[in-house]
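# What the coordinates show
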Amino acid sequence: MKLDVNLCNNLKSIRTRLGMSQQELANIAGVTRQSIGGVELGQYAPSVAMSLRLAKALGCQVEDLFWFEEDLPEVEAILAGSAPKQEQSRVSLARVGDQWIAYPLVGNDAFRIEMIPADGETLAVSHPVESREPVDPYGFPEAQNQIGTNKVQVRLLDDIDKLHNTVVIAGCTPVLSLLARATERWHPQLRIHYRFAHSKAALLSLCRGEVHIAGMHLYDAETGEHNIPFVREALTGKSAILITLGVWEEGLLVPPGNPMGVKTVSDLVELGATIVTHEVGSGSRMLLERKLREEGVPLHKVKGSDHIVHSHQDVALSVVSGIADAGISTASIAAAFGLGFIPLHRARYDLVIIKEYLQEEPVKQFLSILGHQLVRSQLEILGGYDTSNIGEVVANIS
């Protein structure tokens with residue numbers, strides 16, 4: 001049959017998901033292998049009879065296999081972060097509160113190990129007028145001025161029920177991706193969308209209504225408190241709770257055996273060590289700056305202090321490859337890469353959640369696994385984590 005250019009199909013994806021070859025499907029459906037290949041490539045449209053046979057063979061509805069492009073539903077969403085330059089872009093979608101949020105799949109955000117499938121495609125972007133917001137003592141723009149205004153029209157490429165059942169978490173610890181996989185294992189219908197962001201960026205994303213949960217490990221030297229002062233300052237007019245994941249060891253990663261004999265951050269200057277640093281606003285960057293101040297060493301005196309990396313894994317890879325002699329990360333990362341570790345601080349890692357999101361079923365399902373013994377065991381075996389208080393509410397912000 002002549003191809004209808006508006007006819008779309010996902011025959012190949014359903015077939016391969018079921019572990020079937022083209023020949024096996026052809027045998028079951030009573031058609032030729034060449035017909036299967038032609039339909040998958042979009043070279044021609046199947047007849048009604050063939051469509052019914054294929055659907056029966058794959059155990060699905062005809063509508064699951066074939067649809068017209070104009071039938072794809074659309075939703076209006078708020079674009080997280082800055083708008084991509086192109087008018088059309090691949091995005092992930094989630095319902096946060098009472099609005100859809102679209103997360104551009106651009107650059108590193110488009111990959112885990114494999115490329116991330118898109119939930120939809122943006123059709124148009126409305127760019128807001130840029131404004132300058134006053135900055136508070138902790139470096140947070142006023143929360144009420146941070147609501148996203150980049151509205152986009154998104155054509156859906158996946159089941160809207162699946163998108164509704166999504167939890168979005170921003171944070172920097174690799175443990176969050178481990179928790180995401182564990183949650184999806186115990187709640188197969190739940191989807192966790194993990195967005196990498198350092199602590200301040202994650203908290204600001206929560207303020208803007210872009211995520212359900214923000215992970216953070218910031219320490220306020222004046223009060224001796226972790227995270228709470230920063231949350232109070234950033235979440236003006238909003239109520240939230242802080243649930244702890246545990247306490248982790250932060251310090252300097254060095255090559256195995258610590259060949260330079262580094263013991264403190266001041267040794268970095270005295271020994272001429274080269275470092276890599278995290279972005280401004282990250283907990284690791286704040287720890288390095290604080291420890292250097294305590295020892296009277298300006299940051300710019302440390303060789304490589306202008307070399308910015310964006311994750312704990314990047315710090316470890318820089319040391320492993322010899323690009324750097326040291327960098328701030330955690331004991332668990334050091335263990336994972338077989339590196340030496342010099343402890344500097346025990347930091348509490350908390351999850352910050354806006355209270356209204358606690359009533360949403362996907363968020364409830366995610367939080368329900370925190371006290372599971374298998375989760376606790378996964379964290380403990382990493383090394384450098386104290387999980388004795390995992391799942392405990394450590395603060396109630398109102």
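This text follows the structure it describes.
The numbers attached to residues start from 1 for each chain and follow its sequence in the written order. Predicted model: local features are reported for residues with pLDDT of at least 70 only, side-chain atom pairs are reported and counted for 80 or more only, and whole-chain, interface and lining totals are derived from all residues. To get the side-chain values, all heavy atoms of the structure are used, and hydrogens and water are removed first.

### Considering the overall build of the protein chain
- Only DSSP runs of H or I covering at least 4 residues are called helices, and only runs of E covering at least 2 are called strands; the numbering of each starts at the N terminus. The helix and strand inventory of the protein chain stands at 15 helices and 18 strands.
- A simple rule labels every residue: compare its accessible area, found with a 1.4 Å probe on the protein chains alone, to the largest value its type can have, and call it buried under 20%, exposed over 50%, or partly exposed in between. Relative to its 398 residues, the protein chain shows a buried fraction of 49%.
- Any two residues whose heavy atoms approach within 4.5 Å are treated as being in contact. Here the analysis covers contacts within the protein chain between residues at least 6 apart in sequence; of these, 74% occur between residues at least 24 apart.
- All accessible areas in this document rest on Shrake-Rupley with a 1.4 Å probe, and a residue is counted as covered only by the protein chains that are shown. Working note: accessible area of the protein chain is about 18,900 Å², and carbon and sulfur atoms make up 51% of it.

### A closer look at the pairing of strand E9 (residues 191–196)
- Of the strand pairs in this sheet, strand E8 (residues 166–171) and E9 are connected by 6 bridges, and their pairing is parallel. By the bridge assignment for E9, Thr166 is matched with Arg191.
- Classification remark: right-handed applies to a crossover when, strands pointing away from the viewer, the course from the first strand over the helix to the second runs clockwise. Chirality of the crossover, the property in question, places the unit of E8, helix H7 (residues 175–186) and E9 among those that are right-handed. In this analysis, strands are considered paired if DSSP registers two or more bridges between them.

### What about the nonpolar core?
- With 56 residues, the main nonpolar core has Leu179, Leu206, Leu245 and Val352 as its most contacted residues.
- Discounting chain neighbours no more than four positions away, the residues touching Leu179 are Leu245, Phe366, Ile369, Leu370 and Val375. For this analysis, a nonpolar core means a set of buried residues of the types Ala, Val, Leu, Ile, Met, Phe, Trp, Tyr and Cys, connected via side-chain atoms within 4.5 Å.

### Some words on the packing of aromatic side chains
- We call Phe, Tyr and Trp rings a pair once their centres come within 6.5 Å, taking the six-membered ring for Trp, and we label the pair stacked below 30 degrees between planes, edge-to-face above 60, and tilted otherwise. Scanning the entire structure with this criterion turns up 2 aromatic pairs.
- Where Trp248 meets Tyr349, the ring centres are 5.1 Å apart and the plane angle is 65 degrees; that geometry is what we call edge-to-face. Here the residue Trp248 occupies a position in strand E13 (residues 240–254), and Tyr349 occupies one in strand E16 (residues 340–354), the gap between them amounting to 101 residues. Across the pair, Tyr349 and Trp248 agree in class, each one buried.
- Put simply, the rings of Trp248, Tyr349 and Tyr385 touch in pairs and so form one group of aromatic residues.

### A closer look at the side chain of Glu40
- As for its position among the elements, Glu40 is in helix H3 (residues 33–40).
- Once residues lying within four places of it in the same chain are set aside, the contact partners of Glu40 are Asn9, Leu11, Lys12, Arg15 and Gln22.

### Concerning the environment of Ser89
- Residue position: Ser89 is located in the loop between strand E3 (74–79) and strand E4 (90–96).
- Taking the C-alpha atoms as reference, Ser89 lies 7.5 Å from Leu105; in sequence the two are 16 residues apart.

### Regarding empty space enclosed by the protein
- Every definition here rests on a 1 Å grid over the protein atoms only: cavities are sets of points where a 1.4 Å probe fits but cannot get out, pockets are open sets enclosed by protein on both sides within 12 Å along at least five of seven lines, and lining residues have some atom within 4 Å of a point. Grid points are joined across faces, edges and corners, and a volume is the space filled by probe spheres set on the points. Counted according to the given criterion, the structure contains 1 cavity of 30 Å³ or more.
- In this structure, the largest cavity encloses a volume near 80 Å³.
- Forming the boundary of the largest cavity are 13 residues, of which Cys172, Phe196, His198, His278 and Ser282 lie nearest the centre.
- Residue type decides the class: Asp, Glu, Lys and Arg count as charged, Ala, Val, Leu, Ile, Met, Phe, Trp, Tyr, Cys and Pro as nonpolar, and the leftover types, Gly among them, as polar. Residues belonging to the lining of the largest cavity are distributed by class as follows: 3 nonpolar, 9 polar and 1 charged.

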